[in-house]
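# Examining the three-dimensional arrangement
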Amino acid sequence: MHVQAVRGFRDILPEEIPRWQHLEATARRVFETYGFREIRPPLLEYTEVFTRSIGEATDIVEKEMYTFQDRSGRSVTLRPEGTASVVRAYVEHHLHAAAPVSKLYYLGPMFRHERPQAGRLRQFHQVGVEAIGVADPGMDVEVLDMLMHLTDTLGLQGLELQINSLGCPACRPEYLRRLQEYLGPRVSRLCESCQRRFRQNPLRILDCKVPACQERLESPPSILEHLCPACRQHHQAVRDGLAALGIPAVDNPRMVRGLDYYTRTAFELLAEGLGAQNAVAAGGRYDGLVAELGGPDVPGIGFALGVERLVSLMPQPTARRRPLVFLAALGAEAEARLLPVLQALRRQGIPAERDYGGKSLKSQLRRAHRLGAAYAVILGEEELGRGVAALRDMVHQSQEDVPLDRLVPTLVSRVEAPAGPAPPSQVREASP
Ligand code: HAM
């Protein structure tokens, strides 16, 4: 039987993990500096959590959700994004009663049945944040500053932050009317999806990815020119706040996002070199969502980063691992003597490895080298007879005898001593 991973689902192999762990650790550190705390909602929700928040007429809800009936006949969905789940948890656990603002972050897999391609998967991962309870544009600025802080700390360059305002229930309907009026005579020349969107979700026509549609749109009315005074003021305050912090941002009045819950600020962080799927992060304000999911009428704002896309732009981190000790035993008696040494090293947090199957010294040392061991301990009959083990410094190619009863403390002190410079000719192989 030939089994393989489900289409659009991929394994993250050990070689890739250092970047993932570096991203996750950096994100946790940065978010916690800004007062965000981790939340871990489940991967599965009742379907209405997503249909009521993301919107019935969005691509995600219309055709991308992994929805099925559980054994009791209720419709459940694997989460396509994190915001709706976090807001559901916020409402369910009355987090609004505990503090005027909840700053939450999450990491984990999301599921969307999209057409897989470079940078687009059916199971992908997000690192996301949600700040619920503050309407002040200062929170928009804080969240965007945190996003840029994270990508700067990860060493990412060439990113462009685009922002827009999607208005509010006071000004958006009038803008939509104007937009439909403008699109009316042009709609028959747009792609099939845009023709459908014209009735259900005309805003989405603005960021249709079909190049011909973009051309045929010519110059549609800009939402930024149709904001009500309160939304205009909010947008200007966000722009001013970003400028005061030296964060460059470009207004893009055609950026509308694929989820319906947004109000006012919406943004995307775009990267060069990612092809068509060039958004590494995206988010915005969702001032009506908490009430929509049955909670109090409190505002919110957040973003999510696409981990696979981000990781593909990151250099391999140069993590400092503790040096590895390799124990090479020759014969059963030597093996028995080294077993407690192996255990003692590991219990003191020192990475240690052995070989199995009674291999030759040459073969064992080859493996030690391949694993990038800093030290090898060699114990054969001759050494056993003298009550010592040979301790080889694999980097400096030197060797000395150490009494067996001093082996563990000697190794501990060597491993914990600051490393001397490696000889220039020494090429280290990949560490485990
Ligand atoms: P989103 O734009 O749907 O927003 O997704 C955010 C990011 O997730 C994207 O910019 C992209 O990097 C990544 N992403 C999305 N779909 C895929 C996919 N199929 N394969 C790989 N990566 C993908 C949201 O999900 C909102 N919940 C963000 C948010 C949080 N808004 C407010 N708070």
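Residues numbered from 1 in each chain as written. Predicted model: local features only at pLDDT ≥ 70, side-chain atom pairs only at ≥ 80, totals over all residues. Heavy atoms only, no water.

### Some details on the packing of aromatic side chains
The following threshold applies: For this analysis, a ring pair means two rings from Phe, Tyr or Trp (six-membered ring only for Trp) whose centres lie within 6.5 Å, classed as stacked if their planes differ by under 30 degrees, edge-to-face if by over 60, and tilted for the remaining angles. In this text, helices come from DSSP runs of H or I with a minimum length of four residues, and strands from runs of E with a minimum of two, each type numbered from the N-terminal end. Remark: exposure states derive from per-residue accessible area (1.4 Å probe, protein chains only) relative to the maximum for the residue type, with buried under 20%, exposed over 50%, and partly exposed in between. A ring is considered to have a charge above it if a Lys NZ or an Arg CZ atom is located within 6 Å of its centre and within 35 degrees of its normal.
Under the defined criterion, the tally for this structure stands at six aromatic pairs. An angle of 85° between the planes, with centres 5.9 Å apart, marks the rings of phenylalanine 9 and tyrosine 66 as edge-to-face. Linking phenylalanine 9 in the segment before α1 (17-33) with tyrosine 66 in strand β3 (residues 66-69), this pair joins segments that are 57 residues apart in sequence. The interplanar angle of 65° and the centroid separation of 6.3 Å between the aromatic rings of phenylalanine 31 and phenylalanine 303 together place this pair among those described as edge-to-face. One end of the pair, phenylalanine 31, is in helix α1; the other, phenylalanine 303, is in strand β11 (residues 300-306), with 272 residues separating them in the sequence. A single burial state applies to phenylalanine 31 and to phenylalanine 303, both of which are buried. In this structure, arginine 186 packs its charged tip against the face of tyrosine 182, placed 3.8 Å from the ring centre.

### Topic: the pairing of strand β4 (residues 75-78)
Within a regular strand, side chains alternate between the sheet's two faces. Heads up, the condition is: Following DSSP output, two strands are said to pair if at least two bridges run between them.
Direction of pairing for strand β2 (residues 44-46) relative to β4: antiparallel, over a ladder of three bridges. Within the sheet, the bridge partner assigned to leucine 44 lies in β4 and is leucine 78. As paired elements, β3 and β4 share four bridges and run antiparallel to each other. Residue pairing for β4: tyrosine 66 is matched across the bridge by leucine 78. In this structure, the hairpin formed by β3 and β4 is closed by a connection of five residues, where glycine 73 is found at a positive phi of approximately 90°.

### Overview of the pairing of strand β7 (residues 159-165)
Counted residue by residue, β7 has five buried out of seven residues, so it is predominantly covered. In this sheet, strand β9 (residues 263-271) lies alongside β7 in antiparallel orientation, the contact comprising seven bridges. Residue pairing across strands places asparagine 164 opposite alanine 266, the latter belonging to β9. Sheet topology places β7 next to strand β8 (residues 250-251); two bridges connect them, and they run parallel. Bridge assignment links glutamine 162 to a residue of β8, and that residue is valine 250.

### Observations regarding empty space enclosed by the protein
What counts is decided by this rule: Detection works on a 1 Å grid of protein atoms alone, calling trapped sets that fit a 1.4 Å probe cavities and calling open sets with protein on both sides within 12 Å along at least five of seven lines pockets, with lining residues defined by an atom within 4 Å of a point. Grid points are joined across faces, edges and corners, and a volume is the space filled by probe spheres set on the points. We call Asp, Glu, Lys and Arg charged. Ala, Val, Leu, Ile, Met, Phe, Trp, Tyr, Cys and Pro are nonpolar, and the rest, Gly among them, are polar.
Counting across every chain of the model gives three cavities of 30 Å³ or more. Considering the residues around the largest cavity, the lining is formed by 14 residues, among which Leu327, Ala329, Glu335, Arg354 and Asp355 are closest to the centre. Taken together, the elements giving at least two residues each to the lining of the largest cavity come down to β12 (325-329) and α13 (332-347). If one sorts the elements of the lining of the largest cavity by residue count, α13 sits on top with four residues. Along the lines of polarity and charge, the residues of the lining of the largest cavity split into seven nonpolar, three polar and four charged. Looking at the second largest cavity, its volume works out to about 70 Å³. Elements that contribute at least two residues to the lining of the second largest cavity include exactly α3 (59-64) and α8 (192-200). For the lining of the second largest cavity, a count of residues per class yields one nonpolar, three polar and five charged.

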